[in-house]
Amino acid sequence: MAAPDDGAAAPGRSVGPTSEFSLFFRVKDGDAASLRSALASLQDTPGYRPGDYGMAVQTIHEARFVLFDDDTQLAFITSFDGPWEAYMDDFFASGPTLALFDVIFRHVEGYDGLPDVRALREFVLDAEQPAAAYARNYGGTVKEIRKALRVAAAFQQVLDHPQAAEALQQPALRPLLDEAAD
């Protein structure tokens, strides 16, 4: 494996500003039940609960862990905004996230803790398998999507306001109203 600092290509594929990577690990013998428990704890952590959207690494679109082959293997699959190196730096700097993932990864072969960024990168690169294909059904970064959702909610408040009818007759607002109509 090439060292991350030697100009080697980053893992995964990119579409627009978003990148992905998939990691595959062998679960240590006898650790499947403990790993399932650790994953359940992660799922119940603020930011990771269904409906929570406050993960510590703010550039992640989604992330998932999948146990397969009778719980002998673990996949970690994610997509995120920006280059891989920036994602790894953000991940390593996110203390709570790093601690949560440490609890999970201790159940897979080849994991000796994450003493520094270089060790984290090597661990990830050893487990990474390139996607054969990657596509997205939407553009935009997490930051842009969150802003668009806030703007849409604010615009809906305007539409719902009892005094909005007169203001909404302005021709300059026609493109917004056309979009809101579908």
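Everything here concerns the structure above.
Throughout what follows, the structure given in this document is the object of discussion.

## Section: unusual backbone geometry
Only a minority of non-glycine residues have a phi that is not negative, and only a minority of peptide bonds are not trans. One non-glycine residue, aspartate 70, lies in positive phi territory at about 55°. Within the secondary structure layout, aspartate 70 lies in the loop between strand E3 (60-68) and strand E4 (73-81). Its relative accessible area of 79% is what places aspartate 70 among the exposed residues. Positioned with a positive phi, aspartate 71 is a non-glycine residue whose angle comes to about 65°. Within the secondary structure layout, aspartate 71 lies in the loop between E3 and E4.

## A word on the pattern of salt bridges
Using the criterion set out here, one finds nine salt bridges in the structure. Arginine 121 is the salt-bridge partner of glutamate 85, the closest N and O atoms lying 3.0 Å from each other. Here glutamate 85 is found in helix H2 (residues 84-93), whereas its partner arginine 121 is found in helix H4 (residues 117-127), with 36 residues between them in sequence. According to the relative accessible area criterion, arginine 121 is buried, its value standing at 10%. Salt-bridge contacts for aspartate 102 lead to arginine 106; the nearest nitrogen and oxygen are separated by 2.8 Å. Each of the salt bridges in this network shares a partner with another, and the network as a whole consists of Asp44, Arg49 and Asp52.

## A look at the packing of H2 against H4
It is at 10 Å that the axes of H2 and H4 come closest, and there the two elements cross at 120°. Judged on the interaxial angle alone, H4 and H2 are oblique. Seen along the crossing, H2 lies across H4 with a hand that is right-handed. Taking contact as the criterion, the partners of Trp84, Glu85, Met88, Asp89, Phe91 and Phe92 in H2 are, on H4, Val117, Leu120, Arg121, Val124 and Leu125. Residues belonging to the contact of H2 with H4 are distributed by class as follows: eight nonpolar, no polar and three charged.

## Regarding the environment of alanine 119
Inspection of the secondary structure puts alanine 119 in helix H4. For alanine 119 and leucine 42, which are 77 residues apart along the polypeptide, the C-alpha to C-alpha distance reads 22 Å.

## Brief notes about the nonpolar core
Ranked by internal contacts, the top residues of the largest apolar core, which has 33 residues, are Phe25, Phe65, Leu74, Tyr87, Ile104 and Phe105. Residue assignment for this core shows that the elements contributing at least two residues are strand E2 (18-26), helix H1 (32-43), E3, E4, H2, helix H3 (95-105) and H4. Setting aside chain neighbours within four positions, we find phenylalanine 105 in contact with Phe25, Phe65, Tyr111 and Phe123.

## Topic: the packing of aromatic side chains
Scanning all chains against the criterion turns up 18 aromatic pairs. Judged by centre distance (5.2 Å) and plane angle (70°), the ring pair of tyrosine 111 and phenylalanine 123 falls under edge-to-face. Within this pair, whereas tyrosine 111 is found in the loop between H3 and H4, its partner phenylalanine 123 is found in helix H4, the two being separated by 12 residues in sequence. You can call tyrosine 111 buried: its relative accessible area is 7%. Phenylalanine 123 sits in the buried class, given a relative accessible area of 9%. Ring pairing ties together the aromatic residues Phe21, Phe25, Tyr48, Phe65, Phe76, Phe80, Tyr87, Phe91, Phe101, Phe105, Tyr111 and Phe123, which thus form one cluster.

Definitions and cut-offs
- Throughout, a residue's number is its position along its own chain's written sequence, starting from 1.
- Thresholds applied to this predicted model are a pLDDT of at least 70 for local features of residues and 80 or more for the giving and counting of side-chain atom pairs; totals over whole chains, interfaces and linings are not thresholded and use all residues.
- Calculation of side-chain values draws on the structure's entire complement of heavy atoms; hydrogens and water are dropped beforehand.
- By definition, any uninterrupted DSSP run of H or I lasting at least four residues is a helix, any uninterrupted run of E lasting at least two residues is a strand, and each is numbered from the N terminus.
- Exposure is judged per residue with a 1.4 Å probe applied to protein chains only, and the accessible area is read against the type maximum: over 50% gives exposed, under 20% gives buried, and values in between give partly exposed.
- Whenever a carboxyl oxygen of Asp or Glu lies within 4 Å of a side-chain nitrogen of Lys or Arg, that contact is scored as a salt bridge.
- In this analysis an axis means a line fitted to C-alpha atoms, helices contributing only their contacting stretch, and an angle means the value between N-to-C directions, from 0 to 180 degrees.
- We call two directions roughly parallel when the angle between them is under 35 degrees, roughly antiparallel when it is over 145, roughly perpendicular when it lies between 65 and 115, and oblique otherwise.
- A clockwise turn of the near helix away from the far one marks a right-handed crossing, whereas an anticlockwise turn of less than a right angle marks a left-handed crossing.
- It only takes one pair of heavy atoms within 4.5 Å for two residues to be counted as in contact.
- Any residue that is not Ala, Val, Leu, Ile, Met, Phe, Trp, Tyr, Cys, Pro, Asp, Glu, Lys or Arg is counted as polar, Gly included; the first ten are nonpolar and the last four charged.
- Only buried residues count toward a nonpolar core, which is a set of Ala, Val, Leu, Ile, Met, Phe, Trp, Tyr and Cys residues joined through side-chain atoms within 4.5 Å.
- Within 6.5 Å between ring centres, the rings of Phe, Tyr and Trp (the latter by its six-membered ring) count as paired, and their orientation is classed by plane angle as stacked under 30 degrees, edge-to-face over 60, tilted in between.

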